[in-house]
Amino acid sequence: IERELKARWAHTGSPSADLLLKRTDQAMEAHEFETAREIVQKLTDIAPNFAEAWHRRATLAAQKDDYEDALTSLRRTLALQPKNFTALAELGEILEEYNDKPHALEAYRQAKAIDPFLDGLVDRIRDLTKAVEGQGI
């Protein structure tokens, strides 16, 4: 189901936008990250309502440690596709990096509510719950 959702999110119905996303993915797989960034920038320019383009942009920004662009792009992704569990988990990771534990915990919980089998979420939620809410008696 997870793969099917991701495959559906990767299609816009626009052949040119779909091609640019495919080229972005090919560049990323070839570790040609600067090329991938250039392509995805063009893609978000021509298809600003394509959530998965913003998600790729966020991934590439985080890979370059540009967390400001990554956060902006993830927020745009989630505004367009609120049930993107991967983007929610990635948002949680970045917020955790910024030591914004309450919001990171919220993002992780939202991701888990959508996809309870997403790798690593149970551990992150458990650890952050203790840090944010304390440990019960």
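Quick caveat: nothing in here was measured; it's all calculated off a predicted structure.

Caption draft 1: A look at unusual backbone geometry. Unlike most non-glycine residues, Asp 65 shows phi in positive territory, near 65°. One can find Asp 65 in the loop between helix H4 (51–63) and helix H5 (67–80). A positive phi angle, close to 65°, is found at Asn 99, a residue other than glycine.

Caption draft 2: Fine view of the layout of surface pockets. For the largest pocket, the calculated volume is near 210 Å³. What lines the largest pocket is Lys 6, Trp 9, Ala 10, Asp 25, Met 28, Glu 52, His 55, Arg 56, Thr 59, Asn 84, Thr 86 and Glu 90. For the lining of the largest pocket, the secondary structure elements donating two or more residues are helix H1 (2–9), helix H2 (15–29), H4 and helix H6 (85–97). Per element, the largest residue contribution to the lining of the largest pocket is four residues, and it comes from H4. Across the lining of the largest pocket, the residue classes break down as three nonpolar, four polar and five charged.

Caption draft 3: Broad picture of a negative patch on the surface. On the surface, Asp 65, Asp 66, Glu 68, Glu 93 and Glu 97 cluster together into a patch of negative charge. Within the secondary structure, Glu 68 is located in helix H5. Taking relative accessible area as the criterion, Glu 68 reaches 62% and is therefore assigned exposed.

Rules behind the numbers
- Residues numbered from 1 in each chain as written.
- Predicted model: local features only at pLDDT ≥ 70, side-chain atom pairs only at ≥ 80, totals over all residues.
- Heavy atoms only, no water.
- Helix = DSSP H or I, 4+ residues; strand = E, 2+ residues; numbered from the N terminus.
- 1 Å grid on protein atoms, 1.4 Å probe; cavity = no way out; pocket = protein on both sides within 12 Å on 5 of 7 lines; lining within 4 Å.
- Points joined across faces, edges and corners; volume = space filled by probe spheres on them.
- Nonpolar A, V, L, I, M, F, W, Y, C, P; charged D, E, K, R; others polar.
- Patch = residues over 30% accessible without salt bridge, like charges linked within 9 Å, V, L, I, M, F, W, Y side chains within 5 Å.
- Areas by Shrake-Rupley, 256 points an atom, 1.4 Å probe, with all protein chains shown as cover.
- Salt bridge = Lys/Arg side-chain N within 4 Å of Asp/Glu carboxyl O.
- Lys, Arg positive; Asp, Glu negative; His and termini not counted.
- Charge placed at Lys NZ, Arg CZ, Asp CG, Glu CD.
- Buried < 20%, exposed > 50% of the residue type's maximum accessible area, 1.4 Å probe, protein only.

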